Amino acid sequence: MSLGASLDRSSQPLGLAPQLPVEFNPLLPEFIANPYPFYQRLQTEDPVHRSTLLPDSWILTRYADAAMVLRDPRFGRQDAARFFQERFGAGPVVDVYTKWMLFRDPPDHTRLRTLVSKAFTPRAIENLRPRIQILVDELLGAVQAAGQMDIMNAIAYPLPVLVICEMLGVPAKDRDVFQAWSGDVARTLDPIQTPETVARGHAVVARMCDYFRELIAELRHAPKDDLLSAMIVAEEQGDRLTEEELLANCILLFSAGHETTVNLIGNGMLALLRYPDQRKKLAEHPELIESAVEEFLRYEGPVQITGRGTQHDIEIGGKQIKAGERIFTILAAANRDPAQFPDPDRLDITRRESRHLAFGYGIHFCLGAALARLEAQSAINTMLRRMPRLALQTDTVQWRPAFTLRGLQELPVTF
Ligand code: HEM
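Small disclaimer: the values here were computed from a predicted structure and weren't measured.

Novice: Can you walk me through the overall build of the chain in this structure?
Specialist: Scanning the chain for helices and strands turns up 19 helices and ten strands. For 415 residues, the compact-globule formula gives about 22 Å, and the C-alpha radius of gyration of the chain, at 21 Å, lands near that figure. Burial status across the chain gives 47% buried among its 415 residues.

This is the structure:
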């Protein structure tokens, strides 16, 4: 996409001819380049959209509908096993993902989340602030003299990996291996798979299982002061966590803890570089960083979509959803709903009380939200301070082909 083209919803991409009924097709290259015009048409023309691509599925784009579904216990994870089974068939993806707290309903969800939530409270995360700042300074220090960098490689990718490795107790020396995994893991969350992505998905999850099984075995013998050792103690103390749940949720924390935050830092910096007035404002008023990061989450969220199942017949927006059908809430569309956010296509780092859905809503609200916020705040403010002449190096950006998790391949800049 040309940087000259505004990332708003008014530009009409190819493949979205106004006379044709709007459809949800995240496979179109123009959708990956800029999904917002598609969201806008869905929101105004067919906000509770029966998918023509995904069987028995509905696409919800309005803020009020998405928030309702995420909060209402009639919509849950009952169909997560079927969802992954249909896409991947039997194998590691299904075995592991169906044990993630993210894909469980209460009481399993409550039990699994309670076990790790202490490590993620705002106070526990606040204690990490000095360490995160040291990591940010080290990473930027390593490229400072070069006068140019790829933001993704220099900081957006390594920072969240280093932090989650330290929290969990995973040796950071293996971080190149993790980078190779992360794209394949991200792709497994997309609602549409190809035979190739299925094979890669199973392979990457199997490799992660081998890696973490070995690490868990080591930590069993020599526990350390980290989250994984604490989870192992919980597993050994009885019926609170089975061995397979331990493995699966360790993989969840590890995966959720980096790919998403990588994209918050990358998407946030791209937005700032495209809106020089906002970037100037933030550089002059670094104390605006908290509302700025909330605005990046709203404007170009790293998690675009999530899904729920239902066992009830329910009416939403005049449409009859049948028991057993699937609902996809497009968080990134809800976050640009003009009924909730005035002038939603405008990046405004001073926007107040932004109740965006980028971290979800309800019982599955992102466990790592405080951590992701802190990492992004520290990385972005430090870049602006240390590199005041930061500028994009090329006039095109390449988005990764994944759809559920939206992020850049690279973001080359000079400074
Ligand atoms: C900008 C970064 C992040 C974004 C945008 C994000 C987004 C989300 C969203 C939307 C959900 C809810 C999905 C749903 O309801 O279906 C979620 C759940 C979750 N996130 Fe994050 N996340 C981020 C960073 C992190 C980090 C850093 C961690 C951990 C280290 C993490 C761990 C989790 C976990 C464990 C869940 C499942 C919670 C549950 O099921 O109760 N996330 N995240």
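Novice: I tried to follow the sheet that holds strand 3 (residues 75-76) on my own but got confused; where do I start?
Specialist: Sheet strands pair by backbone hydrogen bonding; their relative direction is either parallel or antiparallel. With respect to topology, five strands assemble into an open sheet ordered 1-2-8-5-3, the strand pairing being mixed. The two strands at the open ends of the sheet, each matched to only one other strand, are strand 1 (48-50) and strand 3. In this sheet, strand 8 (residues 326-330) lies alongside strand 2 (residues 57-60) in parallel orientation, the contact comprising four bridges. By the bridge assignment, Trp 58 is partnered in strand 8 with Ile 327. Sitting on the sheet, helix 3 (residues 63-71) touches strand 1, strand 2, strand 3, strand 5 (305-310) and strand 8, and the angle it makes with strand 8 is about 125 degrees.

Novice: How do you make sense of the pairing of strand 8 when you look at a structure like this?
Specialist: Each regular strand displays side chains that alternate between the two surfaces of the sheet. By the criterion of burial, strand 8 is predominantly enclosed, with five of the five residues buried. Neither face of strand 8 is exposed, since Arg 326, Phe 328 and Ile 330 on one face and Ile 327 and Thr 329 on the opposite face are all buried. The pairing of strand 5 with strand 8 spans five bridges and is classified as antiparallel. When the bridges of strand 8 are listed, Thr 306 appears paired with Thr 329.

Novice: Just to check I follow, could you spell out the packing of helix 12 (residues 195-221) against helix 13 (residues 227-236) for this structure?
Specialist: For any two helices packed against each other, one specifies the inter-axial angle together with the distance between the axes. Interhelical geometry of helix 12 versus helix 13 gives an angle of 75 degrees and a closest axis separation of 10 Å. With respect to helix 13, the element helix 12 is oriented roughly perpendicular. Touching Ile 216, Leu 219 and Arg 220 of helix 12 are Leu 228, Ser 229 and Ile 232, all from helix 13. Partitioning the contact of helix 12 with helix 13 into residue classes produces four nonpolar, one polar and one charged.

Novice: Looking at this structure, I do not really get the nonpolar core. What am I missing?
Specialist: Generally speaking, a soluble globular protein has its nonpolar side chains buried in company with each other. Residues Ile 155, Leu 168, Cys 250 and Ile 330 are the most contacted members of the largest nonpolar core, which totals 120 residues. Among the elements that make up this core, the one with the highest residue count is helix 14 (residues 243-256) (nine residues). Contacts of Leu 168, omitting those with residues within four sequence positions, involve Asp 226, Leu 227, Leu 228, Cys 250, Leu 253 and Phe 254.

Novice: Got a minute to help me understand the sheet that holds strand 4 (residues 148-150) in this structure?
Specialist: Strand order in the open sheet made by the three strands is 4-10-9, with antiparallel pairing throughout. Unpaired on one side and paired on the other, strand 4 and strand 9 (391-392) mark the two borders of the sheet. As judged from the two bridges shared by strand 9 and strand 10 (residues 412-414), these two strands associate in the antiparallel manner. Each bridged residue has a counterpart across the sheet, and for Ala 391 the counterpart in strand 10 is Thr 414.

Novice: Even after reading the chapter, I still don't get the site of the ligand, so can you show me in this structure?
Specialist: Contacts to the ligand come from 25 residues, most closely from Gly 257, Thr 260, Gly 360, Cys 366 and Gly 368. Residue assignment for the shell around the ligand shows that the elements contributing at least two residues are helix 14, helix 15 (259-274) and helix 19 (369-386). Each residue belonging to the shell around the ligand can be placed in one class, and the counts come to 16 nonpolar, eight polar and one charged.

Novice: Hey, could you run me through unusual backbone geometry in this one?
Specialist: Only a minority of non-glycine residues have a phi that is not negative, and only a minority of peptide bonds are not trans. Cis geometry is found at the peptide bond from Pro 106 to Pro 107, where omega equals 5 degrees. Of note, Pro 107 is situated in the loop between helix 5 (92-97) and helix 6 (108-117). Not every positive phi belongs to a glycine, and Asp 343 is a case in point at roughly 50 degrees. Along the polypeptide, Asp 343 turns up in the loop between helix 18 (331-334) and helix 19.

Novice: Looking at this model, I keep getting lost on the environment of Gln 409. Mind explaining?
Specialist: As for its position among the elements, Gln 409 is in the loop between strand 9 and strand 10. Note on Gln 409: 13 C-beta atoms within 10 Å, which makes it partly exposed. Counting along the chain gives 174 residues from Gln 409 to Glu 235, while the straight-line C-alpha distance between them is 38 Å. Apart from residues lying up to four places away in sequence, Gln 409 is in contact with Gln 398 and Arg 400.

Novice: Even after reading the chapter, I still don't get the packing of helix 8 (residues 129-144) against helix 19, so can you show me in this structure?
Specialist: With their axes 10 Å apart at the nearest point, helix 8 and helix 19 run at an angle of 40 degrees to one another. By the angle between their directions, the pair helix 8 and helix 19 is classed as oblique. Along this stretch, helix 8 crosses helix 19, giving a crossing that reads as right-handed. On helix 19, the residues touching Arg 129, Ile 132, Gln 133, Val 136, Asp 137, Leu 140 and Gln 144 of helix 8 are Leu 374, Glu 375, Ser 378, Ala 379, Thr 382, Met 383 and Arg 386. Tallied by class, the residues present in the contact of helix 8 with helix 19 amount to six nonpolar, four polar and four charged.

Novice: Can you walk me through helix 16 (residues 276-284) in this structure?
Specialist: Among all positions in helix 16, only Gln 278, Arg 279 and Leu 282 are buried. Buried positions in helix 16, seen along its axis, are confined to an arc of 100 degrees and lie on one side of it. Exposed and facing more than 90 degrees away from the buried side of helix 16 are Pro 276, Asp 277, Lys 280 and Glu 284.

Novice: Explain the confidence of the model for the chain here, please?
Specialist: Reading predicted coordinates in detail is not appropriate for stretches of low pLDDT. Per-residue pLDDT for the chain averages 92, and the proportion of residues at 70 or more is 95%. Confidence over residues 1-6 falls short of pLDDT 50; this stretch has 13 contacts with residues more than four positions distant or in other chains.

Novice: I keep staring at the pairing of strand 2 and nothing clicks. Help me out?
Specialist: Pairing analysis gives three bridges linking strand 1 to strand 2, with the strands arranged antiparallel. Looking across to strand 2, one finds that His 49 is bridged to Ile 59.

What counts and how
Residues numbered from 1 in each chain as written. Predicted model: local features only at pLDDT ≥ 70, side-chain atom pairs only at ≥ 80, totals over all residues. Helix = DSSP H or I, 4+ residues; strand = E, 2+ residues; numbered from the N terminus. Rg over C-alpha atoms; globule rule 2.2 N^0.38 Å. Buried ≥ 20, exposed ≤ 12 C-beta atoms within 10 Å, placed from the backbone. Pairing = 2+ DSSP bridges. Contact = placed C-beta atoms within 7 Å. Axes fitted to C-alpha atoms, helices over the stretch in contact; angles between N-to-C directions. Parallel < 35°, antiparallel > 145°, perpendicular 65-115°, else oblique. Nonpolar A, V, L, I, M, F, W, Y, C, P; charged D, E, K, R; others polar. Core = buried A, V, L, I, M, F, W, Y, C linked by C-beta atoms within 7 Å. Near = placed C-beta within 6 Å. Left-handed = near helix turned anticlockwise from the far one by under 90°. Arc of directions from axis to C-beta. pLDDT = per-residue confidence, 0-100.

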